[in-house]
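# Architecture at a glance
Single-letter residue listing:
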Amino acid sequence: MKWTLTLLIICLTSELVSSETNLPPVFTQLLNNIVLYENIPVGKVVFQLEGYDPEGSNVTFSSIGSDHFSVDAVSGNITLVKPLDREETGSLTFLVSIRDRVDPAGESEQDNVVQQPITFIILDENDNPPEFQDTPYEADVNEDAAVGTTIFDKILVKDRDTIGDSLDLKCLPQQQSPEACSKFRLKLLTREATVLTAAVVLNETLNYNQRMIYHFQIEATDGVHKTQTTFEARVKDVQDKPPVFQGSLSTIIDEDSPINTLVLTVHARDGDTGEPRKIVYDLLSNPNDYFLLDSHSGELRTAKPLDREALTDSTGLIPLLIRARELVNGVPSDDPLTSATARATVTIRDVNDSPPTFNKKEYEVALLENTPEGTPLALDMSVSDADVGINSKFALRLEDVSGVFDVEPKLVTGYSQVNIRVANGTLDYENPNQRKFIVLLVAEETDTNPKLSSTATITVSVLDANDNKPTFEQESYSATISEAALPGQYITTITAKDVDSGSFGDAGIRYSLSGTGAELFHVNDQTGVITLAECQPQSQSNRRQRRDLHENDSDASDAHALEMLSMHPNQANYELREINTEPTVQYTLIGQAPQQPEVAAPSPPASPSPSPSPSPLPSTANDDKAAGSKAMATCLDYETETTYFLSYKATDDNGRGQTSVVALRISVTDANDSPPVCESPLYRASVDEGALVFDSPLVVKARDADTMSSISYRIIGSPQIESIFEIDRQSGQISIRPNASLDVTNLKSEQLIFVVEANDGLFTANCGVNITVRDVNNHVPSFLQQNYSAVVEENSEIGTSVEKLQATDLDTGKNAELRYRIQQGSFGDFGIDERTGEVFVSRKLDYDRRNTYQLQVQAADLGTPSLTGTATLTINVQNSNDKDPYFVPATQHAEVRADAPTGHLVYTLIALDPDVATHNALEFAATDDITAIDKEGKELPHSEQFKEYFAITRNGRVLVNRQLDRNLFAVMRLNVLVTDSTAPNVQQGRGLLIIQIIDVNKIPPTGSWFRVVSPCGQLMMLLGVDIAIEEIGIKTIKN
């Protein structure tokens, strides 16, 4: 041990001596602030590391922390491997190392390594171009901006290099804007070594119409490098230029060009093109009015046929002066700055051959309006073509939109006389559009190309003829005059009109009367005034005595006449009155009035009261009138002739021309000596309840043989009738009072019958009125109850009636006819008779599925539109015992120890019945079908002995009935039965009860160790377990 320690000390000492003599290597250079230019190329050796080892061993070099340089390990050369950029960093510092080598075989832990930082200073080179900041550069400038205006002052140039020439700018024109650099100049604002600012200044005046946008390049230079950017100057338009015409305003057009031929299109634009205005055109000079200029499109078109020979200029040149105006606020402007004129020339080109030529350019002729069809016009017209052969063939046609005239011949060769005939004899001077016709006759070559043509204008004046009869405003006329009128009494004035002129018209009409009795009247033949003529002796001698006004009163009992009992207005009560209007129809007059105490009837008024049959007039009235007739000499006698039917004639042309005749009825008026008579014995009308007017006007009319009589009307009826209706006393029109209410519900009948009295001041007549009030569907059906309730047995048969719902409707007819339906709540289990409202069972009910229903029943009438009412029917379903009980679950399990004593409760069976309220209603029992399984899992043969081991009570308790033996059976399966004891018929459910017999360990354990493997494969050590291992399924393993 001593020698071992000694040897160790020797080794350590030797090692220490050896390490003290190995000195570290040394760098022989200064490594700080080595200067490099940033443009040194990659790959160039920029420095060489030098050093030595004091012991003279070889040294190697390396670097740490530099990605710009690499160091050769042997030579020490430092090579640039990544470009330098002074703008990124002005110096680079990293570590270099020198290492000696103690072991010649290679590097070892004994080698000395010396690290030292090395710094390179990067010098700047002019290697970066100037940079424009905040580009792009652009500006807007008005075209009227003054020279010297600064339009942009945000030019900024920066240079990253600190060496080089000073920054400078230069303007470079572009091809699209070569004059840009003369229009604008660059003005330096500030200039430093690395920063320059400048502005763009307007150098010359601008014109938006000459150029809208200027582009030029701004070049920045530092003496070596150049950079360019684009400057855009947008010129803004100022409204200071008049319109400018564009294109040619000279053209040539053939002299045979048709009307509406496009000659040229004038184009002008706003001289201010930035926001140009719309331009409109007009013609300031238009010789011969040959042309029309469209003010908006600028289209110049021919307005009428051109005639080169009619021009004063033999060259065919027509000068035009055209004006173009800008629309300022939608109105053409006449300001010199917004309008301009230009001269246009249109040359009418003469065709180099001879067209067909008429002997005149214009013709005039007159003809009567009744000129027969086919009559030629009195014209001296000829047409010729100087050409020969096919060039002298031409066709004649009329451009006559009226279609009144025709030309012949249609085809001409060389020369021909021309006839214009009336082709359609419908000329009418009275039509202002037919008093003058201007027809264009065209002669056009047929076989040439181009087809030469010429035209002639024919002016046809239509002369009036007596071709219209005088016309009256009415087809017939009537007038009245009293039989007491004296000769010269004015009767009426009747005049006619005649659309002809002169004596053929109104001025030449003469009037006359003819017919039986015409001599009794006089008519002024020029004015048409009719008066009573002087009486002739023979007329007076032929007068007859006045007829008795009532000579036909015996016919008053006609079966169709209206007969009504007198209804005094002061009667306390109105009774039902019958109106007989036809032999087989009876109408009842319904009068309604409040009951009043019986009082003495007042005395009738002094005035005549209505009666079914008018009383004979007093004889003194007729006698007085007859006496008056005899005493007065008159031409008219109402009793002799009441009406004169005459012919009234008007003849034009001072009584020599055409005649028109109308009927003239002159009625002679009589005195008031006849009662009024209803024009209809019964007036009928219909009206909707609630309406304010009748379907058609209801007017009661009575006539009176005395035309002088004035009849007034009033209603005679119950207060209710008079509160509903009113009558116009003059016209007899019956209307509904504004505040009246026509409601069938409040009326005893739909028929309202009452009387209208017609009174002529002396006599009266009663006219029956029957008004039918039509029911309007304006009442909603209403149920007798809003809520109904009913109870129905669950086992009710389909169709069983549940409840009858009844609704009423105050309307009548179809409007009161109701239909019932269930809106909701029945779930398809109930239906309803749509006519009776009886609700019935429509599907088998199930208390357990749903025991309450809320039915919403709707009653709808058959009116248009239909109205509805609703009621609610609550139906409660009464449960019925109709379901079998059942076990829950169907298979039930129980366990019992093998040593359980007799009478031990094993299990209580569980069963349900939705129809019973208590569990006591269920009775349990076992069937004879009992099976058993031994402890080996084998099913045992059936044995009656199995029934003895368990007993089941009526309430489902399962008891041990006999000592159990697991060696005999380990599982017993009992088929069980549950019965509803309250059901009207047998209702049972079946189930299965499985009883597991649990083994009881009767052998005490002994103390022993066993190594066993569990059923899951685990090795266990059992202590003190001496049991029948085979019974628990554990397998022993021998040691």
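To keep things clear, this report deals only with the structure shown in the data block. (Residues numbered from 1 in each chain as written. Predicted model: local features only at pLDDT ≥ 70, side-chain atom pairs only at ≥ 80, totals over all residues. Heavy atoms only, no water.)

### A look at the state of the cysteines
One pass over the full model with this rule turns up 2 disulfides. Here Cys-171 connects covalently by a disulfide to Cys-181, the sulfurs 2.0 Å from one another. Its torsion about the S-S bond being -85°, the disulfide of Cys-171 and Cys-181 is classed as left-handed. Placement of Cys-171 in strand 13 (residues 168-173) and of Cys-181 in helix 2 (residues 180-183) is noted, with a sequence separation of 10 residues between them. (Disulfide = S-S within 2.5 Å. Helix = DSSP H or I, 4+ residues; strand = E, 2+ residues; numbered from the N terminus.)

### Notes on the pattern of salt bridges
Counted under the stated rule, the structure contains 38 salt bridges. Notably, a salt bridge pairs Glu-399 with Arg-397, separated by 3.6 Å at the nearest N-O pair. Note on Arg-397: relative accessible area 36%, which makes it partly exposed. Between Glu-408 and Arg-421 there is a salt bridge whose closest N-O contact spans 2.5 Å. Of this pair, Glu-408 sits in strand 32 (residues 405-408) while Arg-421 sits in strand 35 (residues 419-422), and the two are 13 residues apart along the sequence. Of the residues examined, Arg-421 reaches a relative accessible area of 28% and is grouped as partly exposed. Among the ionic contacts, a cluster of salt bridges with common partners joins Glu-138, Asp-140, Glu-232 and Arg-234. (Salt bridge = Lys/Arg side-chain N within 4 Å of Asp/Glu carboxyl O. Buried < 20%, exposed > 50% of the residue type's maximum accessible area, 1.4 Å probe, protein only.)

### Points about the packing of aromatic side chains
Inspection of every chain in the model, using the stated rule, returns 24 aromatic pairs. Centre to centre, the rings of Phe-94 and Phe-120 are 6.0 Å apart; their planes meet at 15°, and the pair counts as stacked. Taken together, the residues Phe-94 in strand 8 (residues 91-100) and Phe-120 in strand 9 (residues 113-123) connect sequence positions 26 residues apart. Comparing Phe-94 with Phe-120, the two get one shared label, buried. An angle of 25° between the planes, with centres 5.6 Å apart, marks the rings of Phe-725 and Phe-754 as stacked. Placement of Phe-725 in strand 54 (residues 725-727) and of Phe-754 in strand 56 (residues 751-759) is noted, with a sequence separation of 29 residues between them. For Phe-725, a relative accessible area of 1% puts it in the buried group. Clustering of aromatic rings is evident, with ring pairs tying together Phe-132, Tyr-137, Phe-152, Phe-184, Tyr-214, Phe-216 and Phe-231. Taking NZ or CZ as reference, Arg-211 lies 5.8 Å from the ring centre of Tyr-214, over its face. (Phe/Tyr/Trp six-rings, centres within 6.5 Å; stacked < 30°, edge-to-face > 60°. Lys NZ or Arg CZ within 6 Å of the ring centre and 35° of its normal.)

### Describing the side chain of Asp-500
Turning to its location among the elements, Asp-500 is positioned in the loop between strand 41 (496-497) and strand 42 (510-514). Among the polar contacts made by the side chain of Asp-500, one reaches the side chain of Asn-468 at a distance of 2.9 Å. Ignoring sequence-local partners within four residues, the contact set of Asp-500 consists of Glu-369, Glu-430, Asp-464, Ala-465, Asn-466, Asp-467, Asn-468, Gly-505 and Asp-506. (Polar contact = N/O pair within 3.5 Å; in protein donor to acceptor, adjacent residues only side chain to side chain. Contact = heavy atoms within 4.5 Å.)

### Concerning the sheet that holds strand 10 (residues 131-133)
Strands sit in the order 10-12-15-14 across an open sheet of 4 strands; the sheet is antiparallel. Because the sheet does not close on itself, it has two edges, and the strands there are strand 10 and strand 14 (184-191). In this sheet, neighbouring strand axes are inclined to one another by 30° on average, regardless of whether the strands run parallel or antiparallel. Bridge count for strand 10 against strand 12 (residues 150-158) is 3 bridges, and the pairing is antiparallel. Across the sheet, residue Glu-131 finds its bridge partner in strand 12, namely Lys-158. (Pairing = 2+ DSSP bridges. Axes fitted to C-alpha atoms, helices over the stretch in contact; angles between N-to-C directions.)

### Quick notes on a nonpolar patch on the surface
Nonpolar side chains collect at one region of the surface, where Tyr-886, Val-888, Ile-910 and Leu-912 lie side by side and expose about 330 Å² of accessible area between them. Exposure remark for Val-888: the relative accessible area of 34% places this residue in the partly exposed category. (Patch = residues over 30% accessible without salt bridge, like charges linked within 9 Å, V, L, I, M, F, W, Y side chains within 5 Å. Areas by Shrake-Rupley, 256 points an atom, 1.4 Å probe, with all protein chains shown as cover.)

### Structural notes on the sheet that holds strand 24 (residues 299-302)
If you walk across this open sheet you meet the 3 strands as 20-24-23, and the pairing is antiparallel. In the strand order of this sheet, the two ends are held by strand 20 (262-265) and strand 23 (291-293), each with one partner. The mean inter-strand angle of the sheet, taken between neighbouring strand axes irrespective of direction, is 20°. As paired strands, strand 23 and strand 24 are joined by 3 bridges and run antiparallel to one another. Note that in strand 24 the partner of Phe-291 across the bridge is Thr-302.

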